[in-house]
Amino acid sequence: MSRHDRFAKHSLAPRTILITGASGGVGAALAQFYASPGQTLYLWGRNNARLEAIAKICREQGAQAIPRIVDLCDAPAALAAFRETEKETALDLVILGAGVSDIRAADEKTEFPEIVLDTAMVNYATPMTLATEAARHMVKRGYGAIGLIGSVAAFHDLPFATAYSSSKAGLTRFATALHASLKPHGVSVTIAAPGYIDTAMSRRLEGARPFLVSPEKAAFLIASAIAHKKTVVIFPKLFAFLKLVDALTPRRWAHALLRCVKVKQKPLAES
Ligand SMILES: NC(=O)c1ccc[n+]([C@@H]2O[C@H](COP(=O)([O-])OP(=O)(O)OC[C@H]3O[C@@H](n4cnc5c(N)ncnc54)[C@H](OP(=O)(O)O)[C@@H]3O)[C@@H](O)[C@H]2O)c1
């Protein structure tokens, strides 16, 4: 294990961690990354079988793992569950990783309002609410870390994923603003902006997934960024360059180019 790896895993090692999206690809990989003796992991998701399976792996690695079914579309219920957990244990690290994505079908001209609402809740409104609650406790204690998972989609006006790209853009601005607000109080906020990760979410896409990274590599990069108290981590690095190119391109040209991008997604039932 390199010096960098040791730092990410052990230096400033949080003892109590809450992870949303722990039943999914990246969340489960993060749970496994942190699971070790002496650590307590609160693992949130909706799919009981997958949550129990990841909790079992974490216990085998020596951690205490407490799975909980929480639907992030119901923000007040999620906030109540978070407050209950905080009453039980002071959380050192909160990783809000759950997310949903949707691509408009080629034969549709708009996205569906119900899906847009779910996307707003899961990707933006509820993580923002929970991060704010986490911050209130951490600020009182004078330490703590909050990790959020955005996407490189946040950096582009994606015509075929308006809800997804804008929810991640909102989350990114929230995270960087919260970091600015909390740094003087000893609390760090990190947002990850990944490209393609090999999980159920990206496996729904039809076609190429360039610069694909494994969920384990993504978990390592996210945990490293949190340990180093970075504000933003973009991976793979090429996407940071594309962000810059997009920002420098006149909107009219960028939009014309982005309208030419054809992305298709399998329906949830088939994936
Ligand atoms: N995969 C990629 O290529 C990629 C790229 C950029 C960013 N990301 C981001 O990375 C994060 C993790 O995604 P992933 O790739 O691990 O996808 P995933 O395997 O599909 O996992 C998504 C997770 O979110 C949870 N979730 C979805 N809706 C929820 C809801 N209403 N309430 C509670 N939990 C809910 C899922 O829980 P259940 O399964 O239990 O319902 C699951 O644990 C997401 O924020 C995603 O936007 C992914």
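Preceding this section is the structure that the text describes.
All values derive from a computational prediction rather than experimental measurement.

How each quantity is defined
Residues numbered from 1 in each chain as written. Predicted model: local features only at pLDDT ≥ 70, side-chain atom pairs only at ≥ 80, totals over all residues. Heavy atoms only, no water. Phe/Tyr/Trp six-rings, centres within 6.5 Å; stacked < 30°, edge-to-face > 60°. Buried < 20%, exposed > 50% of the residue type's maximum accessible area, 1.4 Å probe, protein only. Helix = DSSP H or I, 4+ residues; strand = E, 2+ residues; numbered from the N terminus. Lys NZ or Arg CZ within 6 Å of the ring centre and 35° of its normal. Expected span 1.5 Å × (residues − 1). Arc of directions from axis to C-beta. Contact = heavy atoms within 4.5 Å.

Asker: Talk me through the packing of aromatic side chains; I want residue IDs and the actual numbers.
Answerer: Scanning the entire structure with this criterion turns up four aromatic pairs. Residues F33 and Y34 carry aromatic rings whose centres are separated by 5.2 Å and whose planes lie at 85° to one another, so their mutual orientation is edge-to-face. As far as the burial class goes, F33 and Y34 line up, both buried. The interplanar angle of 80° and the centroid separation of 6.5 Å between the aromatic rings of W44 and F82 together place this pair among those described as edge-to-face. Highlighted residues: W44 in strand 2 (residues 40-45) and F82 in helix 4 (residues 75-88), separated in sequence by 38 residues. Overall, F82 belongs to the buried group, its relative accessible area being 0%. Here the aromatic cluster, defined as three or more aromatic residues joined through ring pairs, consists of F33, Y34 and F220. Across the ring face of F155, the terminal group of K243 is positioned such that the distance to the ring centre comes to 5.1 Å.

Asker: If you had to explain helix 4 to someone new, which residues and values would you point to?
Answerer: The end-to-end C-alpha separation of helix 4 is 20 Å, in line with the 20 Å expected for 14 residues at 1.5 Å each. Residues of helix 4 that are buried include every one of A75, A78, L79, A81, F82, T85 and E86, and no others. Down the axis of helix 4, the buried side of the element spans an arc of 160°, and every buried residue falls inside it. Pointing more than 90 degrees away from the buried face of helix 4 are the exposed residues P76, K87 and E88. Packing partners of the buried residues in helix 4 comprise strand 1 (16-20), strand 2, strand 3 (64-69), strand 4 (93-96) and helix 5 (113-141).

Scope: geometric values only; no functional claims are made or implied.
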